[in-house]
Each structure stands twice: as structure tokens, then as C-alpha cells.
Amino acid sequence: MSHLKIELEPRSIASCPNPDVPPTIQNAFPYGMLQHQVEVYQAAEDHDIILDLAPTGTGKTSAGLSVIAYNCDRNAIYIAPTNALIEQQAEAARKFVRDAGLPHIVKAASAQHVKEWPDDLVGRRSGEKLYNVLRQPATIFPECVGRPLLLVTNPDIFYYAAFFQYGPLDRSNIASVFYNSFATIIFDEFHLYDAKQLVGLLFYLALSKVFGYFQCNRKVVLLTATPEPACEAALGKLKETGVRIYSVDGEKETDQMLPSQTAVSLEIRKQLDKESLIKEIANEVLQRIEQKPNQFGAVILDSLDQVNLLNKWLCDAGIEDLRGRITGPEKSPEKRHKAAQSQVILATSTVDVGFNFERDNAPDRQNLDWLIFSTRDRFSFWQRIGRVGRVLGKKQADIPSEAISYLPEKAWEQGIENLDSSGGRNALRTALENLDCMKRPFLEIYWKSEAFLEVASPLLEMESSLHNLEQEHLIHDLYEVLKKVLGGSRSWKHYKYRMMQIATAEILSKAPIRTTKPEQWSFVRTLFKQSPYSRHEFIKKFLELNYPEQLDALLRQEFPIQEIEDEFREYEESATELREFAIYWKTVWSPIFHFRDSLFQNLAIYDPRKLLLDNSGETNLDPIHLLRFYEFECDDRRIEVLERAKNPYQLSFTLKVDDLGRFRNTCLSKLSAFRNCSIVRSSGDSIRPTTLPKSLREEIQNSLIPGLVVSESGKNCWAIARLRKQGIERYSIKVSDGFKDDNYLFFPSLSGILAIASAGVALKCPDEEDFWVV
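Undergrad: Is there a simple way to explain the overall build of the protein chain in this structure?
TA: Secondary structure assignment for the protein chain yields 30 helices and 27 strands. Taking 774 residues into account, the globule formula puts the C-alpha radius of gyration at 28 Å, and the protein chain, at 28 Å, falls close to it. With the C-alpha coordinates aligned to their principal axes, the bounding extent of the protein chain is approximately 85 × 65 × 50 Å. By the burial criterion, 56% of the 774 residues in the protein chain qualify as buried. In the protein chain, the share of contacts with a sequence separation of at least 24, taken over all contacts with a separation of at least 6, comes to 73%. Total accessible area on the protein chain stands at roughly 33900 Å², and carbon and sulfur atoms take up 46% of it. Charge centroids of the protein chain, computed over 94 positive and 106 negative side chains, lie 1 Å from each other.

Undergrad: Would you mind going over the environment of Phe 746 with me for this structure?
TA: Along the chain, Phe 746 turns up in strand 27 (residues 741-748). Distance in space between the C-alpha atoms of Phe 746 and Lys 239 is 40 Å, their sequence separation being 507 residues. Once you skip the residues sitting within four places of it in the chain, Phe 746 turns out to touch Phe 653, Phe 674, Ile 705, Pro 706, Gly 707, Leu 708, Val 709, Glu 729, Arg 730, Tyr 731 and Ile 733.

Undergrad: Any chance you could explain the environment of Ile 49 here in plain terms?
TA: Here Ile 49 is to be found in strand 3 (residues 49-52). Counting along the chain gives 305 residues from Ile 49 to Gly 354, while the straight-line C-alpha distance between them is 21 Å. Setting aside residues up to four positions removed in sequence, Ile 49 forms contacts with Leu 205, Phe 214, Val 220, Leu 222, Leu 238, Val 243, Arg 244, Ile 245 and Tyr 246.

Undergrad: Honestly, the side chain of Ser 682 in this entry has me stumped. Any pointers?
TA: With respect to the helices and strands, Ser 682 occurs in strand 23 (residues 677-683). Its relative accessible area of 12% is what places Ser 682 among the buried residues. Contacts of Ser 682, omitting those with residues within four sequence positions, involve Tyr 649, Gln 650, Ile 687 and Arg 688.

Undergrad: Just to check I follow, could you spell out the pairing of strand 5 (residues 105-109) for this structure?
TA: In the case of a regular strand, side chains alternate between the two sheet surfaces. When you tally the buried positions in strand 5, you get five out of five residues, the bulk of the element. Neither face of strand 5 is open: one carries Ile 105, Lys 107 and Ala 109, the other Val 106 and Ala 108, and all of them are buried. As paired strands, strand 5 and strand 6 (residues 149-153) are joined by five bridges and run parallel to one another. The partner of Ala 108 across the bridge, within strand 6, is Val 152.

Undergrad: What's the story with unusual backbone geometry in this structure? I'm lost.
TA: Negative phi is the rule for most residues except glycine; trans is the rule for most peptide bonds. One non-glycine residue, Ser 669, adopts positive backbone phi at about 60 degrees. On the basis of relative accessibility, which here comes to 13%, the residue Ser 669 falls in the buried class. One non-glycine residue, Ser 749, lies in the positive phi region at around 55 degrees. Mapped onto the fold, Ser 749 is located in the loop between strand 27 and helix 30 (750-759).

Undergrad: Would you mind going over the side chain of Thr 348 with me for this structure?
TA: Inspection of the secondary structure assignment puts Thr 348 in the loop between strand 14 (344-347) and strand 15 (370-374). Overall, Thr 348 belongs to the buried group, its relative accessible area being 5%. Setting aside residues up to four positions removed in sequence, Thr 348 forms contacts with Ile 300, Leu 301, Ser 303, Leu 304, Val 307, Ile 326, Thr 327 and Gly 328.

Undergrad: For this particular structure, what's the right way to read the sheet that holds strand 4 (residues 75-79)?
TA: Strands pair in a sheet through their backbones, by hydrogen bonds, and they do so in one of two ways: parallel or antiparallel. If you walk across this open sheet you meet the seven strands as 5-6-4-7-8-3-9, and the pairing is parallel. Looking at strand neighbours, the two that pair on one side only are strand 5 and strand 9 (245-248), the edges of this open sheet. Across the sheet, the mean angle separating the axes of adjacent strands is 15 degrees when strand polarity is ignored. Here strand 3 pairs with strand 9 via four bridges, running parallel. Looking across to strand 9, one finds that Leu 51 is bridged to Ser 247. The strands touched by helix 2 (residues 35-43) within the sheet are strand 3 and strand 9, with strand 9 carrying the most contacts at an inclination of about 175 degrees. Lying over the sheet, helix 11 (residues 229-240) contacts strand 3, strand 8 (219-223) and strand 9, oriented at roughly 145 degrees with respect to strand 9.

Undergrad: What am I meant to see in the nonpolar core here?
TA: Most often, soluble globular proteins have nonpolar side chains that are buried together. Formed by 126 residues in total, the largest nonpolar core has its most connected members in Ile 49, Phe 178, Tyr 179, Phe 187, Phe 203, Trp 447 and Leu 459. Tallying contributions element by element places helix 10 (residues 195-210) first for this core, with 11 residues. Here Leu 459 is in contact with Phe 203, Ile 475, Leu 478, Tyr 479, Leu 482 and Trp 492, once residues within four sequence places are set aside. Ranked by size, the runner-up nonpolar core spans 38 residues in total, among them Leu 626, Cys 667, Cys 677 and Ile 733.

Undergrad: It is not clear to me how the packing of aromatic side chains should be interpreted in this structure. Could you clarify?
TA: The way to describe two aromatic rings as a pair is by their centre distance and the angle between their planes. For the structure shown, the criterion picks out 33 aromatic pairs. Note on Phe 542 and Phe 568: the rings are 5.9 Å apart at their centroids and 70 degrees apart in plane angle, and the pair reads as edge-to-face. You can see Phe 542 sitting in helix 22 (residues 532-546) and its partner Phe 568 sitting in helix 24 (residues 561-570), a full 26 residues away along the chain. Residue classification places Phe 542 among the buried residues on the basis of a relative accessible area of 3%. What makes Phe 568 buried here is its relative accessible area of 4%. Residues Tyr 584 and Trp 585 carry aromatic rings whose centres are separated by 6.4 Å and whose planes lie at 40 degrees to one another, so their mutual orientation is tilted. In this structure Trp 585 comes out as buried when scored by relative accessible area, which is 2%. Grouped by ring-pair contacts, the aromatic residues Phe 538, Phe 542, Tyr 547, Phe 568, Phe 581, Tyr 584, Trp 585 and Trp 589 constitute a single cluster. The side chain of Arg 288 reaches across the aromatic face of Trp 370, ending 5.5 Å from its centre. Over the aromatic face of Phe 528 sits the side chain of Arg 569, whose NZ or CZ is 4.0 Å from the ring centroid.

Undergrad: Explain the sheet that holds strand 13 (residues 323-326) here, please?
TA: Judged by pairing direction, the sheet is mixed, and its seven strands sit side by side in the order 1-11-16-15-12-14-13 without closing on themselves. Each of the sheet's edge strands pairs with one partner strand only, and the pair in question is strand 1 (3-8) and strand 13. For this sheet, the mean angle separating the axes of adjacent strands, direction not counted, is 15 degrees. Strand direction decides the pairing type here: strand 12 (residues 297-300) and strand 14, joined by four bridges, are parallel.

Undergrad: Sorry if this is basic, but what is going on with the packing of helix 8 (residues 155-162) against helix 9 (residues 171-180) here?
TA: Helix packing geometry: the angle between the two helix axes and the distance between the axes. One can describe the packing of helix 8 onto helix 9 by two numbers: an axis separation of 7 Å at closest approach and a directional angle of 110 degrees. Here helix 8 is positioned roughly perpendicular relative to helix 9, judged by the angle of their axes. Of the residues in helix 9, those in contact with Ile 157, Phe 158, Ala 161 and Ala 162 of helix 8 are Ile 174, Ala 175, Phe 178 and Tyr 179. Here the residues of the contact of helix 8 with helix 9 sort into eight nonpolar, no polar and no charged.

Undergrad: What is the right way to read the pairing of strand 8 from this model?
TA: Burial of strand 8 is extensive: five of the five residues sit out of reach of the surface. Residues Lys 219, Val 221 and Leu 223 point to one face of strand 8 and Val 220 and Leu 222 to the other, with burial holding for every one of them. Taken together, the four bridges between strand 3 and strand 8 define a ladder with parallel strand orientation. The residue of strand 8 that forms the bridge with Leu 51 is Leu 222. Crossover strand 7 (residues 182-188) to strand 8 through helix 10 is right-handed.

Undergrad: What is the right way to look at the state of the cysteines in this model?
TA: Working definition: the covalent bond between the sulfur atoms of two cysteines is a disulfide. Tallied over the entire structure, the rule returns zero disulfides. Of all cysteine sulfurs, the one in Cys 677 lies closest to Cys 667, which takes part in no disulfide; the gap is 11 Å. We classify Cys 667 as buried; its relative accessible area is 18%.

Undergrad: Sorry if this is basic, but what is going on with the pattern of salt bridges here?
TA: In a structure, side chains of opposite charge can pair up when their charged atoms sit close to one another. Throughout the structure, instances matching the rule amount to 47 salt bridges. Put simply, Lys 196 and Glu 454 hold a salt bridge, and the shortest N to O gap is 3.0 Å. Taken together, the residues Lys 196 in helix 10 and Glu 454 in helix 18 (residues 451-465) connect sequence positions 258 residues apart. You'll find Lys 196 and Glu 454 in the same group, each marked buried. When the shortest N-O distance is used, the salt bridge between Lys 439 and Asp 436 registers 3.2 Å. Overall, Lys 439 belongs to the partly exposed group, its relative accessible area being 42%. Residues participating in the shared-partner salt-bridge network are Glu 267, Arg 269, Glu 280, Glu 284, Arg 288, Lys 292 and Glu 402.

Each value, and the rule that gives it
- Residues numbered from 1 in each chain as written.
- Predicted model: local features only at pLDDT ≥ 70, side-chain atom pairs only at ≥ 80, totals over all residues.
- Heavy atoms only, no water.
- Helix = DSSP H or I, 4+ residues; strand = E, 2+ residues; numbered from the N terminus.
- Rg over C-alpha atoms; globule rule 2.2 N^0.38 Å.
- Buried < 20%, exposed > 50% of the residue type's maximum accessible area, 1.4 Å probe, protein only.
- Contact = heavy atoms within 4.5 Å.
- Areas by Shrake-Rupley, 256 points an atom, 1.4 Å probe, with all protein chains shown as cover.
- Lys, Arg positive; Asp, Glu negative; His and termini not counted.
- Charge placed at Lys NZ, Arg CZ, Asp CG, Glu CD.
- Pairing = 2+ DSSP bridges.
- Axes fitted to C-alpha atoms, helices over the stretch in contact; angles between N-to-C directions.
- Core = buried A, V, L, I, M, F, W, Y, C linked by side-chain atoms within 4.5 Å.
- Phe/Tyr/Trp six-rings, centres within 6.5 Å; stacked < 30°, edge-to-face > 60°.
- Lys NZ or Arg CZ within 6 Å of the ring centre and 35° of its normal.
- Parallel < 35°, antiparallel > 145°, perpendicular 65-115°, else oblique.
- Nonpolar A, V, L, I, M, F, W, Y, C, P; charged D, E, K, R; others polar.
- Right-handed = clockwise from strand over helix to strand, strands pointing away.
- Disulfide = S-S within 2.5 Å.
- Salt bridge = Lys/Arg side-chain N within 4 Å of Asp/Glu carboxyl O.

As C-alpha cells, this is what we get:
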């Protein structure tokens, strides 16, 4: 049976009519405070970290903002999960601080905001601007004189600041501000962070413990309705170190309950192939419009391509004026707001976070009467089912809602048909938890491996700043706390040395062999400006991978390392070879030091036919998505999408090498970085010749692409099967030396590092270093 039906009972949430909370804070809750909001505020008095796990749409944002009152004269920061929510949450924060009588000035800080801050007042570089504004906000915001700042930003900026990832002239300054300036830190929707992204958050929490910020009354609030179990376990380890952590689940029942969600008639269906799925959903939408013309609904799908295909179906059916799209390519808040007024809203996962489907002419009942959605895991399932039938604060709360959910086909193989259809929400929750196919891939093994190389970057920077100072021991103390929280076992010394090699490679990769600019150092001069230890360790790594016999002789002390240094000083060819190695070594590990992974930079796309946008115009699009799903034309100035591809293209890579035999012996199953790659798109067995956009073509031709190339045969079979199950990105790749070619599997960028972490001893680091630490 591919269709299951279950009635989900209405949900309520506890209110607190007479809270033991200052009247000024109560003023920011015009409809009264809920119990979980009161608990969050009260827990903050004597706790360092407060988790609010209340259900979706029950005011967690306001609960988190209330904690600012405990440090009302000090700066605060709110980390919104996406750029699209920065303005929305900044406006919510402005209203809250005004109603609560807090003195804070609220400012939004996305990358675009920072770019628009005047160069003549706060500098030209983004890191310089951010540092100067946080140090002296009144420089461009006169209203900030004598008042604390509440900065609303995104996790990318927070990560790059805290992990010293801005430019060398600004990284220490901006990191210092982010570590020292904020007394209250609010992380919204932190369940969206994957295992790698959570490393930055956990690092900041551990640092706040070890460096004594919690003793100075720092408060951290974590907001999510669907916490990741591994993250909860990590926070439990942090609690064992003495951090005071309090969790509010929002499920407490009292005699003062308010309706929060209507009853939902849920139908669970088996995921179909794309064409059948879109046709079925389109028919469901058209039927509802015809039979229930006064109801509002939404469709949320995981794939942007599916949303756009559904949009075409509905427009062709004549209801273009009744539907609106909310997807990643549409960046305009005004256009997203306009789309949200449509009778039928078509959306991607963009609406999973902080989007409330608010209407200008809000009905007395729920804003969404029905919802159709696909889901890949139980976290997104509960996020999405929580969007329909919201009635908190509504006058009419007893009109049932409807939902259709498409689950992976494997759910039926794993027993979803045994669902107790009379058991309501608890029975459904139990059934979903028992489905392996509904578990979100969460590579906790990364925490036990190269997460420690990632945290070594800020640790090395801080150790340099604290060298020979009384506080120098804090670096070792912080590393030990991280070992406990993340589950590692290798020493700080191990990762420190590896990180020093990468840091040296990054510096050397930017130095030109020759220079005529007086302010710029040449490569050789830059090399010998490094400390002798850093320089020697990097040279040894170069010899290890390129001239192992020479390294063996050096280690046997047959000659001093100064002889090799003289070669780099005297022979430009040798210096060039070392510089090329620096570029290679930096590139191999570069994906670790980014908050989000992207193989290529987004492209500016012109969409005159409204294939991506509801209104003709420009947007930014992932090149991979463009190549897979659209026909387009491009010149040196513009890329224009022409039509949807009749069938999605398959993408693969080709790689040209000098010697295929040497490639097999030295590059297979190892992290590496590859030059002379190209992208091929094909349909079936036929290659589709494609002129790539100029910027993408230049990016591929002029860059090394980091990743992992593996054979699908032999001992790797089990590892690859495991990686496929975990959804790690991969492509076919043909490697050729002009005479012969071999076909392999390519895990690009961060996927290569995650593949190593997950598959363990079957795959290797480029220098044969054991990736495992447990």
C-alpha cells in the first residue's frame, strides 16, 4: 500500500499568564508570554548556555532576544541561519528592543551590507570594515553613540571572523572583536548546521569556557525545534567541563494551554519519479483550487528543479496569477513577500527556516490550510509539517488542516506500512525514528578526524598571539576541552605541525616569484621571512611528496637543510617548483576552512522567460544546477537561460595527465588537487557540446580543483557503497594521458575530505598521513 493516512491531533503550548519576569520584558510580548519563553529568560540568570527546543512557530526568536536583558549595556550578536532572514530578524529585533526598553541599536550585517558601508569612513576591505564598525559603530551609525550594538549577521561571517579566515591584515583584529565584544550570542535554527559547520559553534562555546567569558556573564542561546542527537551529546560533554547548560523543551503542560496547531489529516505517499511526482502534485493543487477556492496552501519540495517544473505545469494550466515561488534564486525580500500572498506558494527548503507564511490580510484561521511536501529525513519532515495549521494567536483554531507527505521509497521496505494510523503524533514520531532511510546523514566521524585540523587554524593564530605570555597555557587547555567534546585522541602537537605546514603554504602561494612592486615581497624573500622551524617543516613536506630519497638523506644528516634552502634562493626554477607545491598543498586542504562548500562560484544569470523567477531579471545560480537543468547561451558579458532541458543532463569530469600509470600509482584514493580538469554534460551516451560561461571556464582552467579520485573496483567497493548511502557528492571522471584513459569516481572539494573521514583506512591523505584519530 503506497498511501497511508493518519490523523494528527491538535497541538497546544503552555502559556504563563503571570510570569516572574520584569514588566519591561513582558512589554515585548504583547499577547503574553509562553511558558518556554519564561523558562528561557529565567534560566539565563544562572546558566551559560540555554537551549530553546520549543516547536516551530512558537516564538523562540523573542525568547532568545529576552536574554539580552542580562547584559543590557553590552553588545550582542544574533546569527540568523540565512542571508534572506537577516533583514527579517533584524526588524524583529528592532521591535523587541524597542518594546522591552533595551538600549541596543540593531544593525544588519550580511556581506552585501558590509560591502555598502562607505569606504572613506571604515576602509575598503570587508574585514577592515567589519572591525572598524564593531570597534566604533558611530563612525557610520551616529545613533550608536553611547549605546550598545545588536548585530544581526549570518553564520558564514561569524565563522570567518572567529576562525581567522579574513585577510592577513584584518584576521586578528576581527577575531578579537568577535571573541571579546559580545556578551550575548544567539544562534538561530542551529539544527541546520551539518557536522562540519557545527565545529565552529562548538569551538566558540569551548573557547568561552576556557578563556573565562562565561565567568564574565556571557550568555549563549541556541534555538532549534529539531536538535541533532550528536550535537546534544557534544553539549553534554561540554557540560561535564563545568559549563552551565539548561534545556527548555517547550512541551510542558499546564492548566493554561493555548492552541498552536490545528488537527492535520496527513496522507503519506511513496516518492515517485520526477515526472509522475510533478503531475500528481499539480493535479492535487488544481483540485484544491477548484474545490476549496478560499483556502491557502503551499508545496515544499527538496529540489529547485522540481519546484520550477511544477511552476510550469501550473502556469500552463492557467493559474499563473494564483501561485508564487519562494526559492533560493529569488533574493528580493519584497518579491518573496509578494509571493507569500499567493493562494498557492511553491517553495524549496528556503522556507524551512524562519519563514512564517504571513499574509498582509491575515485570516482569522491558519495561514496555510493545506501543505504538500517531500522530505528526505525526519528533521525536515517535522519542520515542514509544523508549517501547516499554525493558529497560535489566531481567533479561530478549530478548522482542521490537510497535508500530503512524500517519503523515500525505502520507507516502505523498512516498515512504514506498520504505522499505527490511530496513534497520532507519537505513533508517527516512533515510526519515523525507526526508519534508517529517514536519518539525516551526519558525519560525526569528521569530529574525530580532520575537525581538529580545522580548529588548529584559530588555535595556531591565538598561540602565536599569546606566545611567552601567562595565558599561553589556555591554548592547550582549549584543545583538551575540544578533544573531550568532539571525541578525538591525537595531541595538539600533531595538528599544530600539520597546520603550520598549511599556513606556510598559504603565505607562500600568494607571493610572486618576481615583483617590481616595492610594497610586495618576492617568493624567496617571503620564504625566508618565515620562522626557521615553519620553513624547514614545509620544505621537508615538499621533499616527502616530491623527492623522498632526498628527504631520507637529509634525515640521515648527510647534508644540512641549508643546502636545499640555497637552491631555492639561487635557482628560480627550484623556487617556482616550491611555489607550485605551496599552491597545491594549500588547495588540497582549503575546503576545511570554509563554512559552506561550493565547487564553483555562483554565476550571474539573466532570466527573461521567468524560468527561475516570477519576474524577469537577474539572479545568481550554482553552475552545476545551470548545466544540469537548463539550456542557455552566453558571451563574455551575459548568461541567459533559454529553456528547461528536456531531460536533466548528466555531469562528469575529464582530467588530462602526463602519465596514466604514474597517476594510478600516486594519485588514486588520496586527497589531491587537480589541474587540467573540464566538465562534460551528456544525455544518455551522447555528449552535449557546451560552451561554458567565461567566468566558469576561467575558474576551471586557472585553478586546481581539490578532491579525491577513487576506483570503483576491488577493496574500495564497500567504502564507496557507504559513501553513496551517506549522500556525499560525487561524479564520474575520465582520466587520460592522450594514449589511454581510465574511468573513476571523483569526490570534489569538501566531499573528498568527508569521504576520507567516513571511509577511513580505505582512503588516504596526500602524504599517506593516517586520517583516523580513534
